Amino acid sequence: MTGKLNIVGVGPGNNDHMTFRAKEIISESDIIIGYETYVNLVSELIEGKTVYRYAMTQEVERAHQCIDLAKSGKIVSLVSSGDPGIYGMAGLIYETLAESGWDPKDGLQVEVIPGVSALNSCASIVGSPLMSDFAVVSMSDLLVPWEVIENRVESAAKGDFVLVIYNPASKKRIHQLQDTRKILLKYRKPTTPVAIIVGAYRESQSIMMTDLENLPNHSDKLGMTSTVIVGNSSTYSYKDLMINPRGYKSKYNLEEQTNPDLKVQ
């Protein structure tokens, strides 16, 4: 028997927005494995299948079980929220396989099925905040030292990148976003637009538009299912939307082209 391991992105968490390939792969699988919250997102697609649900922080156990079951001849789908290659399980699976001497040419077949990442889904909800260069930083310092994360935030702030922040806070993670805000305020105005998106495209979805100065007032919106987008020096707010100019205004003179009184020559 020939097994296969699929690492499936089910983001953004709504069946209507899940990719066709992700749904197809899940339907073809014998076994579904994943963090309980992510498995629940595809509950309508996995009836009658063998399902293994894991708690948070059991990533290594998940990886080994997926690999072992696939090697035994099963078609296994490891579900991951958003995109499995962005803070997801793809990295750990490939690390584990590489340590065992796995050869992708003639060894276990592995496929990564990309999903809609949080930065994509959240940006689409709040306008067009990622129209110019941006950086993505996770506030989780479980695997990356906080000093390294601070340096990355500082570099992004100096470079005037729009900043997308994953895992902004948890019960134990309190100071990280506060420290990040202090760094950003060294380079950006207090009025810089900020969007807090919770549970994008899920039933729990909520959106809070604020700015750097008032970000601390919305700590109740920050958690593991939250994504924070901080604008750069060009970002502005318009009717509860974040807009990051792409540069067409200066190139094509948008004001004239949108003027109804302008006569066509």
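These numbers were taken from a predicted model, which means no experiment stands behind them.

### Brief notes about the side chain of Thr192
Okay, step 1: By the secondary structure assignment, Thr192 is in the loop between helix H7 (175-185) and strand S9 (193-198).
Okay, step 2: From its side chain, Thr192 meets the backbone oxygen of Lys189 in a polar contact 2.7 Å long.
Okay, step 3: When neighbours within four sequence positions are excluded, Thr192 is seen to be in contact with Thr210, Asp211, Leu212, Val230, Gly231 and Asn232.

### Remarks on the sheet that holds strand S10 (residues 206-211)
Paired through their backbone hydrogen bonds, the strands of a sheet run either parallel or antiparallel.
Okay, step 1: In spatial order, the strands read S7-S8-S11-S9-S10; together these five strands make up an open sheet with mixed pairing. Among the strands making up the open sheet, the edge pair consists of strand S7 (134-138) and S10. In this sheet, adjacent strand axes meet at a mean angle of 15° when their direction is disregarded.
Okay, step 2: Here S9 runs beside strand S11 (residues 226-230); their pairing, made up of five bridges, is antiparallel. The residue bridging Val194 from the neighbouring strand is Val230, located in S11.

### Observations concerning the packing of aromatic side chains
Okay, step 1: Enumeration over the complete set of coordinates arrives at three aromatic pairs.
Okay, step 2: Ring centres 5.0 Å apart and planes at 45° place the aromatic pair Tyr87 and Tyr166 in the tilted group. With Tyr87 in the loop between strand S4 (75-80) and helix H4 (90-99) and Tyr166 in strand S8 (residues 162-166), this pair connects stretches of sequence that are 79 residues apart.
Okay, step 3: Its relative accessible area of 47% is what places Tyr87 among the partly exposed residues.

### A few points about the nonpolar core
Okay, step 1: Grouped together as the largest cluster of nonpolar side chains are 22 residues, with contacts concentrated most on Met139, Val153, Leu163, Ile165, Val228 and Val230.
Okay, step 2: For this core, the elements supplying multiple residues, two or more each, are S7, helix H6 (146-158), S8, H7, S9 and S11.
Okay, step 3: Examining the composition of this core, we find that five residues originate from one element, H6, more than from any other.
Okay, step 4: Sequence-distant contacts of Val153, defined by excluding residues within four places in its chain, comprise Val137, Met139, Leu163, Thr180 and Ile183.
Okay, step 5: Within the second largest apolar cluster, 19 residues are counted, among which are Ile7, Ala63, Leu69 and Met89.

### Quick look at the sheet that holds strand S12 (residues 236-238)
Okay, step 1: Within the open sheet, the three strands sit side by side as S6-S13-S12. Their pairing is mixed. Of all strands in the sheet, those bounded by a partner on one side alone are strand S6 (127-128) and S12.
Okay, step 2: Pairing of S12 with strand S13 (residues 241-243) involves three bridges; the strand directions are antiparallel. Bridging from a neighbouring strand, Ser237 pairs with Met242 of S13.

### Looking at H7
Okay, step 1: Along H7, the residues classified as buried are Gln176, Leu177, Asp179, Thr180, Arg181, Ile183 and Leu184.
Okay, step 2: For H7, the elements touching its buried residues are H6, S8 and S11.

### A short note on a nonpolar patch on the surface
Okay, step 1: Together, Tyr236, Tyr238 and Leu241 make up an exposed nonpolar region whose accessible area comes to about 290 Å².
Okay, step 2: By secondary structure assignment, the location of Tyr238 is in strand S12.
Okay, step 3: Judged by relative accessible area, which is 45%, Tyr238 ranks as partly exposed.

### Quick look at the packing of H6 against H7
Okay, step 1: The N-to-C vectors of H6 and H7 enclose an angle of 30°; their axes lie 9 Å apart at closest approach. The orientation of H6 relative to H7 falls into the category roughly parallel. When the axes of H6 and H7 are compared, the crossing they make is right-handed. When H6 is examined against H7, the residues Trp146, Glu150, Val153, Glu154 and Ala157 are found in contact with a partner set consisting of His175, Gln176, Asp179, Thr180, Ile183 and Leu184.
Okay, step 2: Residue composition of the contact of H6 with H7, by class: five nonpolar, three polar and three charged.

### Digging into the pattern of salt bridges
Okay, step 1: Evaluation of the coordinates by the stated rule reveals five salt bridges.
Okay, step 2: For Arg21, the salt bridge goes to Glu111, with nearest N and O atoms at 3.0 Å. Pair noted here: Arg21 is in helix H1 (residues 20-28) and Glu111 is in strand S5 (residues 109-113), with a separation of 90 residues, a long-range link.
Okay, step 3: The partly exposed category is assigned to Glu111, whose relative accessible area is 22%.
Okay, step 4: Each of Lys4, Arg21, Glu24 and Glu111 takes part in salt bridges that share partners, so that together they form one network.

Definitions and cut-offs
Residues numbered from 1 in each chain as written. Predicted model: local features only at pLDDT ≥ 70, side-chain atom pairs only at ≥ 80, totals over all residues. Heavy atoms only, no water. Helix = DSSP H or I, 4+ residues; strand = E, 2+ residues; numbered from the N terminus. Polar contact = N/O pair within 3.5 Å; in protein donor to acceptor, adjacent residues only side chain to side chain. Contact = heavy atoms within 4.5 Å. Pairing = 2+ DSSP bridges. Axes fitted to C-alpha atoms, helices over the stretch in contact; angles between N-to-C directions. Phe/Tyr/Trp six-rings, centres within 6.5 Å; stacked < 30°, edge-to-face > 60°. Buried < 20%, exposed > 50% of the residue type's maximum accessible area, 1.4 Å probe, protein only. Core = buried A, V, L, I, M, F, W, Y, C linked by side-chain atoms within 4.5 Å. Patch = residues over 30% accessible without salt bridge, like charges linked within 9 Å, V, L, I, M, F, W, Y side chains within 5 Å. Areas by Shrake-Rupley, 256 points an atom, 1.4 Å probe, with all protein chains shown as cover. Salt bridge = Lys/Arg side-chain N within 4 Å of Asp/Glu carboxyl O. Parallel < 35°, antiparallel > 145°, perpendicular 65-115°, else oblique. Left-handed = near helix turned anticlockwise from the far one by under 90°. Nonpolar A, V, L, I, M, F, W, Y, C, P; charged D, E, K, R; others polar.

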